[in-house]
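One-letter residues, chain by chain:
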Amino acid sequence: MKTYEYDVVVIGAGHAGCEAALAAARMGCKTACIVLNVDGIGAMSCNPAIGGLAKGHLVKEIDALGGEMAKNIDATGIQFRRLNTSKGPAVWSSRAQADRLLYRLRMKSVLENQQNLDIRQSAVDRLLVEKGRICGVVTSLEEEISCQTVIIVTGTFLNGLIHIGLKNFPAGRMGDAPSRSLPQNLRDLGFRMGRMKTGTTPRLDANSIDYTELEAQYSDTPPNLFSFSSTGEPALEQRPCHITYTNATTHEIIRAGTDRSPMYTGIIEGIGARYCPSIEDKIMRFPEKDRHQIFLEPEGLDTVEIYPNGVPTSLPADVQIAMLRSIKGLENVKIIRPGYAIEYDFVEPTQLTASLETKKIKGLFLAGQINGTSGYEEAAAQGLMAGINAVHYCRAEKPLILDRSQAYIGVLIDDLITLGTKEPYRLFTSRAEYRLLLREDNADLRLTEIGREVGLVDEESFNRFGIKKQAIEAALDFLNSTKVKPTKETNQRLTNHGLAPLKQMVSLADLLRRPEITLKNLAQLSGIELTISPAVLIEVQLTVKYEGYIRRQEEQVARFKKMENVELGADIDYTQLAGLSNEAKEKLNAIQPRSLGHASRISGITPAAISVLQVFLKKEGKI
């Protein structure tokens, strides 16, 4: 048996694995990334897109901390759009279509050329554990790899089973073998595990689609790139998506085919995603809807494959083609790859600490779909945090934990480890209590200094950030200190634009708070010029216009921090605390909350239970 030595071993190289491996290697640890197929590194197994509602926030946060996902999509994106612009800035979210092949190839190249990182093609059969600590892994090639930490980021590969109609076969994704030995090893080590299901759409031949009567959807102008280091135009030619809809005939075909659906015949046991259901699930659950929207998304510049976003399905292939040909523009469509559902094992995430380290085995970290999440962005965010904390573990340093007031990443991880999940977890802006403070545009202001401190933000990026931060501060100071007098000329400008004239001297900031006035027309209305970059402009304008709301949310965060800063410790036996219900004792012992605030978010923990904990902490002299 050959033996190799590393600091960090990453098992898997999907979106979580790529971020975990890059973070560990960039922070100076000798890292191995073990993957079943090196050609699958960074693969987009489902839709060819990055970002979306709340997911765009995650990508921006990953970038601010020094991750790779934003840079990768900026280099390979073929359509960039900002969603929710008709609503408030807290829920604006960026999304980009990717050239699927180029996205994978660029990410693979980044990993291949990363110092301190070795890529190894193999399967991991089992973990090596001594006295409750990870010490290595054993591969299917009978290699023993010793290490201080292991990060498992296996996506849908743990006992993966693909379903198309009534046929099923083992696979991690279409064309790739599943992992069988590792999930059994995790069970043998005592981890509680469950079964989940996700699905993907058929891939269509663009040459067989009639676009003439379909609505086209183009990139924003100018485009909203993801990385704070990206400037200018997208690297690739931009392509439109097209919009079509299902109809009554489509729905009837789907209903008639459910007798051969693995979902409706009981073959699939795993729980599917509530917020990304299959098309057959949509039709059966929402019979009152007469149509469902479909986005025809190109998979790249040099391929005819089209991803019909909105019709994930596991129906038999003949039903899939009949269903699709009933849709406008797809009357003669050809399927290149059928849609399918996939079942896979996951580990119940309440068995993790906030650092994503398992409570059962020291030095073992889990990230991505193995924790019950869905989506590339949720996976990448967890992978980045697991990579950072694996390095901190190797150095015997305190883990990096982002709380709910700092980042969507904090919301994501706290939800998982506190509440667990019975279905594939998806992040939404509504899950964040302090979302006005956690906007896309200020992710760098919130997190870049943290990324620099852990060693992932390089000097050039940090200097660029410093210049932006200084420019914002200078612009805000200028707006607050510069006064506008109610002169005849100023009031005439305001009146000409249908605005009320000034009755007294006000600051530029006060003038900007008027709903009708923006930084772009402020100079025209006030006669005072302010020259700033677009990135600074949006930050300054939002800070001024939402100042009152922001201050109120900052007060809420201060109250949250008070509870969050009261530490409970990991050695409390809650069964011995009088006054707690049996349910509270059971849940507190299982979760082992790190703070009073954390305990308050556990399902079933009442205000009365929190009062009991406060009395206990006072007796112990901890508060």
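The rules behind each value
Residues numbered from 1 in each chain as written. Predicted model: local features only at pLDDT ≥ 70, side-chain atom pairs only at ≥ 80, totals over all residues. Heavy atoms only, no water. Buried < 20%, exposed > 50% of the residue type's maximum accessible area, 1.4 Å probe, protein only. Helix = DSSP H or I, 4+ residues; strand = E, 2+ residues; numbered from the N terminus. Contact = heavy atoms within 4.5 Å. Pairing = 2+ DSSP bridges. Axes fitted to C-alpha atoms, helices over the stretch in contact; angles between N-to-C directions. Salt bridge = Lys/Arg side-chain N within 4 Å of Asp/Glu carboxyl O.

Asker: Residues and numbers for helix H15 (residues 519-526), please.
Answerer: Of the residues making up H15, those classed as buried are Leu519, Leu522, Ala523, Leu525 and Ser526. Of the surrounding secondary structure, the elements contacted by the buried residues of H15 are helix H12 (459-481), strand E23 (483-484), helix H13 (488-496), helix H14 (508-512) and helix H16 (534-545). After H15 finishes, the residue glycine 527 shows a positive phi value of roughly 85 degrees.

Asker: I'd like a rundown of the sheet that holds strand E8 (residues 124-130), residues and numbers included.
Answerer: Taken in spatial order, the 4 strands make up an open sheet running E1-E10-E9-E8, and their pairing is mixed. Two strands in the sheet have a free side with no partner beyond their single neighbour: strand E1 (3-5) and E8. Going across the sheet, the axis of each strand differs from the next one's by a mean of 25 degrees, ignoring polarity. Bridge count between strand E9 (residues 133-139) and strand E10 (residues 144-146): 3 bridges; the pairing is antiparallel. In the strand pairing of E10, glycine 136 is matched with serine 146.

Asker: Tell me about the environment of methionine 263, residues and numbers included.
Answerer: By the secondary structure assignment, methionine 263 is in the loop between helix H6 (248-257) and helix H7 (279-285). Methionine 263 gets classed as partly exposed once you look at its relative accessible area, which sits at 22%. When the C-alpha atoms of methionine 263 and glycine 579 are compared, they prove to be 45 Å apart, with 316 residues separating the residues in sequence. The residues touching methionine 263, leaving out its near neighbours within four places in the chain, are Lys197, Ile268, Ser278, Glu280, Asp281 and Ser314.

Asker: Describe the pattern of salt bridges, with residues and values.
Answerer: If you walk through the whole model with that rule in mind, you get 40 salt bridges. For lysine 71, the salt bridge is made with aspartate 63, and the minimal N-O distance between the two is 3.4 Å. Overall, lysine 71 belongs to the partly exposed group, its relative accessible area being 27%. Overall, the relative accessible area of 7% leaves aspartate 63 in the buried class. Put simply, Arg404, Asp414, Asp415, Glu433, Glu564, Arg594 and Arg601 are held in one network by salt bridges that share partners.

Asker: Tell me about the side chain of serine 122, and please be specific about residues and values.
Answerer: Of note, serine 122 is situated in the loop between strand E7 (117-121) and E8. Ignoring sequence-local partners within four residues, the contact set of serine 122 consists of Ile34, Val35, Leu36, Thr139, Ser140, Leu141 and Glu143.

Function cannot be inferred from these measures alone, as they are strictly geometric.
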